[in-house]
Amino acid sequence: MKKQGLVEFRWHGRGGQGAKTACLLLADAAFAAGKYVQGFPEYGPERMGAPITAYNRISDTRCSVHCNIEEPDYVVVVDETLLESVDVTRGLQAEGAVIINTPKAPGEIRRKLRGWKGRVCTIDARKISEETLGKNFPNSPMLSAAVKVSGVLEEAQFMSDMEESFSHKFANKPQVVAGNMDALRRSWQEVQE
Amino acid sequence: MNYNDRLSGNEAIAFAMKQIDPDVMAAFPITPSTEIPQYFAQYVANGEVNTEYVPVESEHSSMSACIGAQAAGARAVTATSSAGLALMYEMMYVASSSRLPITLACVNRALTGPININNDHSDSMGIRDAGWIQIYAENNQEAYDNFLQAMPIGEHPDVRLPVMICQDGFITSHALENITLLDTESVKAFVGEYNPENYLLKKENPLAIGPYDLGCHYMEHKIQQAESMKFAKERILEVAAEFEKISGRKYGLFEEYQMEDAEVALVLIGSSAGTAKAAVEELREQGVKAGLIKIRVFRPFPAEEIAEALKNVKAVAIMDKAESFSAQGGPLFAEVRSALYDLESRPKAVGYVYGLGGRDITPQHFQGVYGRLLDIAKGGDLGPVYTHLGQRG
């Protein structure tokens, strides 16, 4: 039985793509909104390109549970090619959603989801990040899509907290802040369901 | 003034070290503790602390450097994990028998082999008899709070023992969570200065440290060490009471969770205790009188207090995150079962070894253990007292 008010996320990505960073940024943003948070990666062999998993718990009271998340409310897939090898919707709550980084429409990608019947959301995070940041850093657009789809944080506060967070994180390269903020805003607009 | 932040367990320890501003840090990086010296080195490079940072070539050397520094009258800290702690083994005994209150942040990780970088308690349990005080944390908050209490405990003239502050590798060391921090002024006032009355560099009273100890005195020195470890229990509680005054957070030798009327209980250490609390909450909602004891202080071991806390329980499971290959259970099981021996009427006790090499453990696992305890409490068969939990079927 799940604790009331607890929202759980599972991130699937590949080493080097920033899934762990996105997971920690979500924890940061939820903390800024006054929530209790956990953000933690599942560590295995650390290799570029190998599948990695990261998790978030967000709730109104401190969460004492410290195990991996087997039955998440939301699953975020940072790399579409993982759908071939990882059962990403395993344990996903029926009323939850999977958010996938792909240029494809939700209807088109659904058939790769091994019978998943629930919500499917897609976002072309690669295109957005290449156009806003000049490189394929999908984590900011994926974070924004995850927040919007889950409704776990309110838009205006999320955007302003992230701007502050980026300004702090990129104190030495302020030009990156605007690009990341563009990526967040565009993803918020463009995520499809 | 307390203030809220979010930090990983490693960040929390590095920040505690920064607030304390020790004289010396000597360290060699090893996963998952690597971030502690890494963050601290940044504080040193930024001039935010006055610490002499000694990057050494091995953990044997980091502990040796800490011993040298502390013997000279300085306050020394280090951090390590797993094989790094194992490599310190020889010097750990030198530190404790020389009565040097060094503070070590241990980020618990399995020992090789097979090669594994994930969490269990094999490293610190393997070194439990080295004469160090051992204090364990459930989460980042407790790791931070325990680290701040280490020096007032270890440096007390009637203790003078090194202290190991343990937390679960990755599970808490790399998890970002909410934390309440103290302001640096309060930390400095609480931790105080290290002023040993005798030390190597005191020219008015030159002394030798670490000389050969013949059979005619070695045993007396070991008994003094053992007596200090006994006294440490009292000191740990005094320091906890002082800490509560500035933080509002209460600590003891162990935490009793829903134990007032508990009929079945777990005893365990570290982050999994938090996971087990979720199982307790659910069982309580179903009317089951379940409770748990989370060990905070493993050395000195709070035997009488544990026996008192468990005396009315019908069945207890004692859970080790380390396999000691005794062929009859882990180290915590041995300690707790022994502590129960003097009770007039004892609970039935079983031991589990779980979570080795990062094997995940969930509230459902703990539900299963409580289910077995309820059967035993009703007079069911005790079954094997030494089993494993969470392995592949």
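Residues numbered from 1 in each chain as written. Chains lettered and ligands numbered in written order. Predicted model: local features only at pLDDT ≥ 70, side-chain atom pairs only at ≥ 80, totals over all residues.

A. Quick peek at the pairing of strand β11 (residues 290–295) of chain B. All names here are of chain B. Of all six residues in β11, six are buried, a share of seventy percent or more. Burial along β11 is two-sided: the residues A290, L292 and K294 and G291, I293 and I295 are all buried. Pairing between strand β9 (residues 254–257) and β11: four bridges, direction antiparallel. Bridging from a neighbouring strand, E255 pairs with K294 of β11. Crossover strand β10 (residues 264–269) to β11 through helix α9 (residues 271–285) is right-handed. (Buried ≥ 20, exposed ≤ 12 C-beta atoms within 10 Å, placed from the backbone. Helix = DSSP H or I, 4+ residues; strand = E, 2+ residues; numbered from the N terminus. Pairing = 2+ DSSP bridges. Right-handed = clockwise from strand over helix to strand, strands pointing away.)

B. Geometry of the environment of B:Y251. Residue and element names in this part refer to chain B. By the element assignment, Y251 lies in the loop between α8 (215–247) and β9. On the basis of neighbour counts, which here come to 21 C-beta atoms within 10 Å, the residue Y251 falls in the buried class. In sequence terms Y251 and E234 are 17 residues apart; their C-alpha atoms lie 13 Å from each other. Ignoring sequence-local partners within four residues, the contact set of Y251 consists of D145, A240, F243 and R296. (Contact = placed C-beta atoms within 7 Å.)

C. Examining the packing of helix α5 (residues 139–150) of chain A against helix α7 (residues 175–190) of chain A more closely. All names here are of chain A. With their axes 8 Å apart at the nearest point, α5 and α7 run at an angle of 40 degrees to one another. Considering the angle they form, α5 stands oblique to α7. With respect to the hand of their crossing, α5 and α7 are arranged in right-handed fashion. Between α5, through S140, P141, S144, A145 and K148, and α7, the contact on the second element is made entirely by N180, A183, L184, S187 and W188. Its residues assigned to classes, the contact of α5 with α7 comprises five nonpolar, four polar and one charged. (Axes fitted to C-alpha atoms, helices over the stretch in contact; angles between N-to-C directions. Parallel < 35°, antiparallel > 145°, perpendicular 65-115°, else oblique. Left-handed = near helix turned anticlockwise from the far one by under 90°. Nonpolar A, V, L, I, M, F, W, Y, C, P; charged D, E, K, R; others polar.)

D. Highlighting the sheet that holds β9(B). Residues and elements named next belong to chain B. A sheet is described by the order of its strands in space; here six strands give the open sequence β9-β11-β10-β13-β14-β15, paired in mixed fashion. Every other strand in the sheet has two partners, leaving β9 and β15 (386–389) as the edge strands with one partner each. Sheet twist, expressed as the mean angle between neighbouring strand axes with direction ignored, is 25 degrees. Taken strand by strand, helix α12 (residues 363–377) contacts β10, β11, β13 (315–320), β14 (348–354) and β15, and its axis lies near 135 degrees from that of β10.

E. Seen up close, the nonpolar core. Counting residues in hydrophobic clusters, the biggest one holds 121 residues, and the most contacted among them are B:I13, B:C66, B:I165, B:A265, B:L266 and B:V267. Residues from two domains meet in this core; each of domain 1 (2–247) and domain 2 (254–389) of chain B gives at least three. What B:I165 contacts, discounting residues up to four positions off in sequence, is B:T103, B:A105, B:C106, B:I135, B:A143, B:N146, B:F147 and B:A150. Core analysis: the next-biggest nonpolar cluster, separate from the first, contains 57 residues, A:F9, A:V75, A:V98 and A:C121 among them. (Core = buried A, V, L, I, M, F, W, Y, C linked by C-beta atoms within 7 Å. Domains from an automatic or database assignment.)

F. Structural context of the confidence of the model for chain B. All names here are of chain B. Mean pLDDT over chain B works out to 97, with 100% of the residues at or above the 70 mark. Summarising per-element confidence for chain B, the mean pLDDT is lowest in strand β1 (residues 2–7) (95) and highest in strand β6 (residues 133–136) (99). The ipTM assigned to the predicted complex is 0.94, against a pTM of 0.97. (pLDDT = per-residue confidence, 0-100.)

G. A look at the environment of B:Y354. Looking at where B:Y354 falls in the secondary structure, it is placed in strand β14. Excluding anything up to four places from it in sequence, B:Y354 contacts B:M319, B:K321, B:I361, B:H388, B:L389 and B:G390.

H. Here's a closer look at the sheet that holds strand β4 (residues 76–80) of chain B. Residues and elements named next belong to chain B. Sheet architecture is open: seven strands sit in the order β3-β2-β4-β5-β7-β6-β12, paired in mixed fashion. This sheet does not close on itself; its edge strands, each paired only once, are β3 (52–55) and β12 (297–299). Within this sheet the neighbouring strands show an average axis-to-axis angle of 20 degrees, counted without direction. Alignment of β6 against β12, held across two bridges, turns out to be antiparallel. Note that in β12 the partner of Q134 across the bridge is R299. Most of the contacts of helix α6 (residues 140–154) go to strand β7 (residues 163–168), to which it runs at about 170 degrees, and overall it touches β5 (103–108), β6 and β7.

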